[in-house]
Amino acid sequence: MKELVNKLKGDRVIWSFVALLALFSFMPVFSASSNLAYIGHGTGNTLGYLVKHLAHVCIGFLIIYWVHRVPYHYFRAISKIALPVVWFLLLYTLLKGTVIAGANASRWIQVPFIGITFQTSTLAASILFIFVARYLSKTREEDEPFQVSLVQLWLPVFITLALILPANFSTTALIFSMVIMLTFIGKYPLKYIGFIIGSGVGMLLFFLLVAKAFPDSRFFSRVSTWESRIMNFTTDKPDEDDYQIEKAKIAIASGRLGGLGPGKSVQKNFLPQSSSDFIYAIIVEEYGLVGGVSILVLYLLLLFRFVIASHKANTLFGKLVVVGLGFPMIFQAMINMAVAVELLPVTGQTLPLISSGGSSIWMTCFSLGIIISVTKKEEEIAEVQEEKERRKEALQRLIDKELSEDLPADEIYEEEGMYSIQDNSRNPMNAVLNK
């Protein structure tokens, strides 16, 4: 165990917070999955969901470990190459996506031969944030006109958002907000940021007008859901989303200060998506105000650590990568908690590292791996390079040994003499004349 911990590089505090959140997630997921167990096979046995969540978390930590060993500057080029691939996956998801749990939003694709569903918008968000950080770090060194940035920066951003918007408005709004925040931190001109915000709002209004003109199209099927959620949030009209919020508030009110105890939630049997979108309500019901505030504090401490990591980064690209990948994670958590207490309309955002779900956990871990890679110290990077050099030298010695064993001793002696550059004769030209 000690050897494994010693192999973990980067900010140990971030490692600790991530591990705490992941370990805490098992009890709420195990408890809140009873509703899915009854609906799925009628037994109420949640052991299978716990094992599935354990597998997702273990794979997630393997992703963190593999990614954090890769030098983070490699992702500069990877983001530029991966963005067109992400566009293809988003388009495929939009056209052929899988509907899960009766939702009318095609946000997932099924991986062939494996049967695992994957939410492509989570991958698109991470790649896009790295792409924006790459562009901003490049333009800080050499200024580019606004017209050039429209093509090189904002056109890829709006293409990505346009492919996510029809199926997931909340994710689109979150990504756009984080990109604007990232450009502000990267000292992109404020007047241009204002123009981009106005353009984004105008494009959204145009999308809604087209949706009104073609209400029966499957590409605009989610617009009515957005409208109903906003209307139900501002009015007292009963609805399915209002039912979810009411059950969530009952769960939170039942928790009081100390909670009902682990596994003793009552509303988990009535609250849809209790193990994902509304898991925070189940946490407060079972662990009370103490548990709910503790989770909030953990996320805030993680945010504070991201700020420190960004400040200590050696390059501008590293600073922007930490902000671009770390801050959306925390804001997503805040949105999930705000929905549970009815501060925001229902959005469908999960609680990072705690909610069940494979793709959301894996992409969160992918982002954390890059952040931890940025926090690696110079001596740790040098140690990794030395280890690579030692492996190369050991491999070369093995190759030399194999070659020497394949040849007879006299042939080795002849070859060494034939190609020797040493000559002890008086005439320095004898070595050539004797040839």
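Since the structure is predicted, the reported quantities are computational estimates derived from the model, not experimental observations.

A. View of the overall build of the chain. Helix and strand counts for the chain come out as 18 helices and two strands. Sorting the 435 residues of the chain into buried and exposed places 45% on the buried side. Pairs at least 24 apart in sequence give 71% of the contacts found in the chain among residues at least 6 apart.

B. Representation of helix H13 (residues 279-312). In this model H13 runs just 34 Å from its N-terminal to its C-terminal C-alpha over 34 residues, more than 12% under the 50 Å that 1.5 Å per residue would give. Along H13, the largest kink reaches about 130 degrees and is centred on Gly 288.

C. Looking closely at the environment of Ser 149. As for its placement among the helices and strands, Ser 149 is situated in helix H8 (residues 146-164). Residues Ser 149 and Thr 139 lie ten residues apart in sequence; the distance between their C-alpha atoms is 9.1 Å. Not counting chain neighbours up to four residues away, the residues in contact with Ser 149 comprise Tyr 135, Trp 154 and Tyr 188.

D. Inspection of the confidence of the model for the chain at higher detail. On average, residues of the chain carry a pLDDT of 82, and 82% of them reach 70 or more. Within the model, the stretch residues 101-105 combines pLDDT values under 50 with eight contacts to residues more than four positions away or in other chains.

E. The environment of Leu 301, seen in detail. With respect to the secondary-structure elements, Leu 301 resides in helix H13. Accessibility expressed as a relative area gives 37% for Leu 301, which makes it partly exposed. Each C-alpha atom of the pair Leu 301 and Val 13 lies 9.6 Å from the other, and the pair is 288 residues apart in sequence.

F. Examining the side chain of His 68 more closely. Looking at where His 68 falls in the secondary structure, it is placed in helix H5 (residues 47-68). His 68 gets classed as buried once you look at its relative accessible area, which sits at 0%. Reaching out from His 68, the side chain makes a polar contact with the backbone nitrogen of Lys 9 at a distance of 3.2 Å.

G. Representation of the packing of helix H2 (residues 12-24) against H13 in the model. Look at H2 against H13: their axes get within 10 Å of each other, and the N-to-C directions meet at 160 degrees. Classified by the interaxial angle, the pair formed by H2 and H13 is roughly antiparallel. Where H2 crosses over H13, the two elements pack in a sense that is left-handed. Between H2 and H13, the contacting residues are Val 13, Ile 14, Phe 17, Leu 20, Leu 21 and Phe 24 on the first element and Ile 283, Tyr 287, Ile 295, Leu 298, Tyr 299, Leu 301, Leu 302, Arg 305 and Phe 306 on the second.

H. Main features of a nonpolar patch on the surface. On the surface, a nonpolar cluster with roughly 500 Å² of combined accessible area is contributed by Leu 257, Leu 289, Val 290, Val 293, Val 297 and Leu 301. Along the chain, Val 297 turns up in helix H13. By relative accessible area, Val 297 is classed as partly exposed at 38%.

I. How the structure looks around the environment of Met 329. Tracing the chain through its elements places Met 329 in helix H14 (residues 316-340). Overall, Met 329 belongs to the buried group, its relative accessible area being 7%. Spatially, the C-alpha atom of Met 329 lies 9.4 Å from that of Leu 368, the residues being 39 residues apart in sequence.

J. Expanded view of unusual backbone geometry. The phi dihedral of Lys 187 falls on the positive side, at around 65 degrees, and the residue is not glycine. Considering the arrangement of structural elements, one finds Lys 187 in the loop between helix H9 (169-185) and helix H10 (190-213). Of note in this structure, Arg 256 is not a glycine but carries a positive phi near 55 degrees. Its location among the elements puts Arg 256 in the loop between helix H12 (240-255) and H13.

K. Layout of the pattern of salt bridges. With the rule as written, the count across this model stands at three salt bridges. Notably, a salt bridge pairs Lys 249 with Glu 246, separated by 3.6 Å at the nearest N-O pair. Of this pair, Lys 249 and Glu 246 are both found in helix H12, three residues apart, which corresponds to roughly one turn of the helix. Lys 249 gets classed as partly exposed once you look at its relative accessible area, which sits at 30%. The class for Glu 246 is partly exposed, based on a relative accessible area of 36%. A salt bridge links Lys 249 to Glu 342, with the shortest nitrogen-to-oxygen separation between them at 2.8 Å. Placement of the pair is Lys 249 in helix H12 and Glu 342 in the loop between H14 and helix H15 (358-374), with a sequence separation of 93 residues. Exposure remark for Glu 342: the relative accessible area of 27% places this residue in the partly exposed category. One salt-bridge network, held together by shared partners, links Glu 246, Lys 249 and Glu 342.

L. Expanded view of H15. End to end, H15 covers 25 Å across 17 residues, agreeing with the expected 24 Å (1.5 Å per residue, within 8%). The buried fraction of H15 amounts to 17 of the 17 residues, a majority that puts the element mostly inside the structure.

M. Here's a closer look at the packing of aromatic side chains. Tallied over the full model, the rule gives ten aromatic pairs. Ring plane angle 85 degrees and centroid distance 6.4 Å describe the contact between Phe 327 and Phe 331, whose orientation is recorded as edge-to-face. With Phe 327 and Phe 331 both in helix H14, this residue pair falls four residues apart, about one helical turn. For Phe 327, a relative accessible area of 13% translates into the label buried. According to the relative accessible area criterion, Phe 331 is partly exposed, its value standing at 31%. Aromatic ring contacts, followed pair by pair, group Phe 146, Trp 154, Phe 158, Phe 176, Tyr 188, Tyr 192 and Phe 195 into a single cluster. Taking the ring centre of Phe 317 as reference, the NZ or CZ of Arg 76 above it sits at 5.0 Å. The positively charged end of Lys 247 is found above the aromatic ring belonging to Phe 270, 5.3 Å away from the centroid.

Analysis parameters
Note on numbering: residues in each chain are counted from 1, in written sequence order. In keeping with the model being predicted, local features are shown solely for residues with a pLDDT of at least 70 and side-chain atom pairs are shown and tallied solely at 80 or more, while totals for entire chains, interfaces and linings include all residues. Hydrogens and waters are ignored; side-chain quantities use all the structure's heavy atoms. By the criteria applied, helices consist of DSSP H or I runs no shorter than four residues and strands consist of E runs no shorter than two, each listed in order from the N terminus. In this scheme, a residue with accessible area under 20% of its type's maximum is buried, one over 50% is exposed, and one in between is partly exposed, where area comes from a 1.4 Å probe on protein chains only. Whether two residues touch is decided by their heavy atoms; if any such pair falls within 4.5 Å, the residues are in contact. In this analysis, the expected span of each helix is defined as 1.5 Å times one less than the number of residues it contains. One axis fitted to the seven residues ending at a residue, another fitted to the seven starting there: the angle between these axes is the bend at that residue. Every residue gets a pLDDT, meaning the predictor's confidence in that residue, from 0 to 100. Within 3.5 Å is the distance limit for a polar contact, defined as a pair of N or O atoms, with the added protein rule that one can donate a hydrogen and the other accept it, and that residues adjacent in sequence qualify only through two side-chain atoms. Only the contacting stretch of a helix is used when fitting its axis, a line to C-alpha atoms as for every element, and angles between N-to-C directions run 0 to 180 degrees. Geometric relationships in this document are graded by angle, where less than 35 degrees denotes roughly parallel, more than 145 denotes roughly antiparallel, 65 to 115 denotes roughly perpendicular, and other angles denote oblique. A crossing counts as left-handed when the near helix is turned anticlockwise from the far one by less than a right angle, and as right-handed when that turn is clockwise. Excluding any residue in a salt bridge, patches collect residues exceeding 30% relative accessible area, merging like charges within 9 Å and nonpolar Val, Leu, Ile, Met, Phe, Trp and Tyr side chains within 5 Å. In this description, accessible areas are obtained by the Shrake-Rupley approach with a 1.4 Å probe, and a residue is regarded as covered only by the protein chains that are shown. Whenever Lys or Arg places a side-chain nitrogen within 4 Å of a carboxyl oxygen from Asp or Glu, that contact is recorded as a salt bridge. Within 6.5 Å between ring centres, the rings of Phe, Tyr and Trp (the latter by its six-membered ring) count as paired, and their orientation is classed by plane angle as stacked under 30 degrees, edge-to-face over 60, tilted in between. In this scheme, the term charge over a ring applies when either NZ of a lysine or CZ of an arginine sits within 6 Å of the ring centre and within 35 degrees of the ring normal.

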